[in-house]
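Examination of the molecular architecture
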Amino acid sequence: MKTEGNHNPTHYVRIVEENCNGCVLCMKACPTAAIRVRNEKAVIEGLCIDCGECIRVCPRDAIRGATTGLELANLSRFTILSVSPVLYAQFGPDETPNRILLALRNVFKFVYDQAFTHELYNAAAELYIQKCREEKKAVWPLISPVCPVVNRLIAFRFPSLLENILPIITPRELAARELRKRLYCERVFKLEDFGLYHVTPCSAKMIDIKEPMFLENSFIDGILGISEVYHAVVKHISEVEEDIILHQSSGVGIAWGVSGGEMRGFGRGNYLAVSGVQETIRYLEKIEMGLLRDIEFIEFRSCPEGCIGGHLTVVDKYQAKTTVERLVRKYGIERRTDSSTIKKAFKAGWFFTNRRRVPSLDHLKRLSIADAIERQDQIEKMVQILPQKQCGVCGSPDCRTFAEDVVDGTASMEDCIYLRMRKKEN
């Protein structure tokens, strides 16, 4: 398959051209070779999975993650926020989650602590793992469905592993679904009057809302970055009087911010936590080769150190990690959920997703087998000619990708500076 023109897959990474000087750092960092440099500007031409690696390495703030934005959120007559526990890691261990939520409530009147829903998910995931053990039908290892970057990476690059993804609805969608039900049943608002937004550490959640892989439709209207609401909390937290309890979770729900936090509430078992997109790719390759079948569950996060490493956070990820660990100790490592209620809901299918599909590949042009073989032959011949410097000066991340671009008609052999130098010398 090859890319046809600029009909790219949906993504929520935006390039600010006036800030870009074509330095190729983003292109070299992209794990899916989605970025090229054309006319001294970075452009996204390939399969972007919204991992944010390009955002992390750009020294000029020329690449940004797209969110719904505060100005759009205020368009709703009533705005409801479902808050990721990563927000609690941004203020140090002396500020409690409840005070942070109450400060946010001074701006957005309806605020929900998503950390408790994480505990519900955690209990359901553990029940599913136990069920798989008993039935001995599982495809080990099971893979967490929580990170949308990992889900898209699997769909595009490791599709045989889609069946390994745990069929449990994610906490953010579970929280949004139940909030919608409650508001509808209690007739608090008309459905058209409110917007439900997820406060998140990364913009990758946008793709999960617009093109969900495991639901017919997302229950979330949009996202706000933690960096977008941070100053609202700072402004109002000194005014807070803790006369209302909004925070309901134990340390199990709070722990989700760091790598390994999703598994924190599990009982005994053989589990693994992997963070960082390159490490994730390496371990997915191992699973594909059948090397990790003794592992029951793997929690993958594309961001380094987990969600606290998301590009929409404010505080250094290692400082945030320390805060999370202190909060976990403070609030305990026992779930506050009722086990009998969870088991009934699990048996009734309350936790399960209703759809499983591969993201659209309509943007790709499919080649016949004969054409694909011919294309590959042309690429291999061209690779032999190229200098293998992997410099990126041509506008492609490496020599093989450059060869693919030339064969696909999006680049020219003249773009290779080394070939031009050889031509002049001869």
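Quick look at the structure, then. Nothing here was measured: the structure is a model prediction, and the numbers come from that model.

**Description of the sheet that holds strand 7 (residues 110-113)**
Strands pair in a sheet through their backbones, by hydrogen bonds, and they do so in one of two ways: parallel or antiparallel. Judged by pairing direction, the sheet is parallel, and its four strands sit side by side in the order 7-6-9-10 without closing on themselves. Looking at which strands have only one partner, the edges of the open sheet turn out to be strand 7 and strand 10 (222-225). Averaged over all pairs of adjacent strands, the angle between their axes in this sheet comes to 30°, without regard to strand direction. The pairing of strand 6 (residues 78-83) with strand 7 spans four bridges and is parallel. Within strand 7, the position partnered with Val-83 by the bridge is Asp-113. Its contacts with the sheet put helix 4 (residues 97-105) on strand 6 and strand 7, and the angle it makes with strand 7 is roughly 160°. Contacts from helix 5 (residues 115-135) reach strand 6 and strand 7, with the element oriented near 35° to strand 7.

**Details of the pairing of strand 10**
Every second residue of strand 10 is oriented toward a common face, with Gly-222 and Leu-224 on one face and Ile-223 and Gly-225 on the other, all of them buried. With four bridges joining them, strand 9 (residues 194-200) and strand 10 adopt parallel strand pairing. Its bridge partner lying in strand 10, Val-199 is registered against Leu-224.

**Overview of the layout of surface pockets**
Here the second largest pocket defines a volume of roughly 470 Å³. If you trace the second largest pocket, you find 21 residues lining it, with Val-111, Tyr-112, Asp-113, Leu-179 and Arg-182 closest to the centre. If you list the elements that add at least two residues to the lining of the second largest pocket, you get strand 7, helix 5 and helix 7 (171-185). Here the lining of the second largest pocket takes six residues from helix 7, the largest share from any one element. For the lining of the second largest pocket, the per-class residue count stands at 13 nonpolar, two polar and six charged.

**Notes on the environment of Asp-408**
Relative to the elements of secondary structure, Asp-408 occurs in the loop between helix 15 (399-407) and helix 16 (417-425). Looking at Asp-408, the relative accessible area reads 18%, which means it is buried. Distance from Asp-408 to Ile-281, taken between C-alpha atoms, is 26 Å for residues 127 residues apart in sequence.

**Details of the nonpolar core**
If you look at the biggest cluster of nonpolar residues, it comprises 35 residues, and the most contacted ones within it are Leu-81, Val-83, Leu-87 and Leu-104. Core analysis: the second largest hydrophobic core is formed by 27 residues, Cys-202, Ile-281, Ile-287 and Phe-300 among them.

**Quick look at the sheet that holds strand 12 (residues 297-301)**
The sheet built from three strands is open, its strands ordered 8-12-11 with parallel pairing. In this open sheet, the two edge strands, each paired with only one partner strand, are strand 8 (142-143) and strand 11 (271-275). Lying on the sheet, helix 11 (residues 277-288) is in contact with strand 8, strand 11 and strand 12; it crosses strand 12 at an angle near 150°.

**Quick notes on the pairing of strand 12**
Among the five residues in strand 12, five count as buried, and that is most of the element. Residues of strand 12 alternate between two faces, with Phe-297, Glu-299 and Arg-301 on one and Ile-298 and Phe-300 on the opposite face, all of them buried. Direction of pairing for strand 11 relative to strand 12: parallel, over a ladder of five bridges. Paired with Ala-273 across the two strands is Glu-299, which belongs to strand 12. Tracing the backbone out of strand 11, into helix 11 and back to the parallel element strand 12 gives a crossover that is right-handed.

**Quick word on helix 14 (residues 369-385)**
The end-to-end C-alpha separation of helix 14 is 25 Å, in line with the 24 Å expected for 17 residues at 1.5 Å each. When we look at burial in helix 14, the residues that qualify are Arg-375, Ile-379, Met-382 and Val-383. Projected down its long axis, helix 14 carries its buried residues within an arc of 105°, all on one side. Away from its buried face by more than 90 degrees, helix 14 exposes Ile-369, Ala-370, Lys-381 and Gln-384.

**Considerations on the packing of aromatic side chains**
Counted according to the given criterion, the structure contains eight aromatic pairs. Here Phe-266 and Tyr-271 contribute two aromatic rings whose centre-to-centre distance is 5.1 Å and whose plane-to-plane angle is 65°, an arrangement assigned as edge-to-face. On the basis of relative accessibility, which here comes to 9%, the residue Phe-266 falls in the buried class. Taking 5.1 Å as the distance between ring centres and 55° as the angle between the ring planes, the aromatic pair formed by Phe-346 and Phe-352 counts as tilted. The exposure class of Phe-346 is buried, given its relative accessible area of 10%. Accessibility expressed as a relative area gives 27% for Phe-352, which makes it partly exposed. Chaining the aromatic ring pairs together yields one cluster made of Tyr-128, Phe-346 and Phe-352. Cation over ring: Arg-177 sits above Trp-350, and NZ or CZ is 4.9 Å from the ring centre.

Cut-offs applied
- Residues numbered from 1 in each chain as written.
- Predicted model: local features only at pLDDT ≥ 70, side-chain atom pairs only at ≥ 80, totals over all residues.
- Heavy atoms only, no water.
- Pairing = 2+ DSSP bridges.
- Helix = DSSP H or I, 4+ residues; strand = E, 2+ residues; numbered from the N terminus.
- Axes fitted to C-alpha atoms, helices over the stretch in contact; angles between N-to-C directions.
- Contact = heavy atoms within 4.5 Å.
- Buried < 20%, exposed > 50% of the residue type's maximum accessible area, 1.4 Å probe, protein only.
- 1 Å grid on protein atoms, 1.4 Å probe; cavity = no way out; pocket = protein on both sides within 12 Å on 5 of 7 lines; lining within 4 Å.
- Points joined across faces, edges and corners; volume = space filled by probe spheres on them.
- Nonpolar A, V, L, I, M, F, W, Y, C, P; charged D, E, K, R; others polar.
- Core = buried A, V, L, I, M, F, W, Y, C linked by side-chain atoms within 4.5 Å.
- Right-handed = clockwise from strand over helix to strand, strands pointing away.
- Expected span 1.5 Å × (residues − 1).
- Arc of directions from axis to C-beta.
- Phe/Tyr/Trp six-rings, centres within 6.5 Å; stacked < 30°, edge-to-face > 60°.
- Lys NZ or Arg CZ within 6 Å of the ring centre and 35° of its normal.

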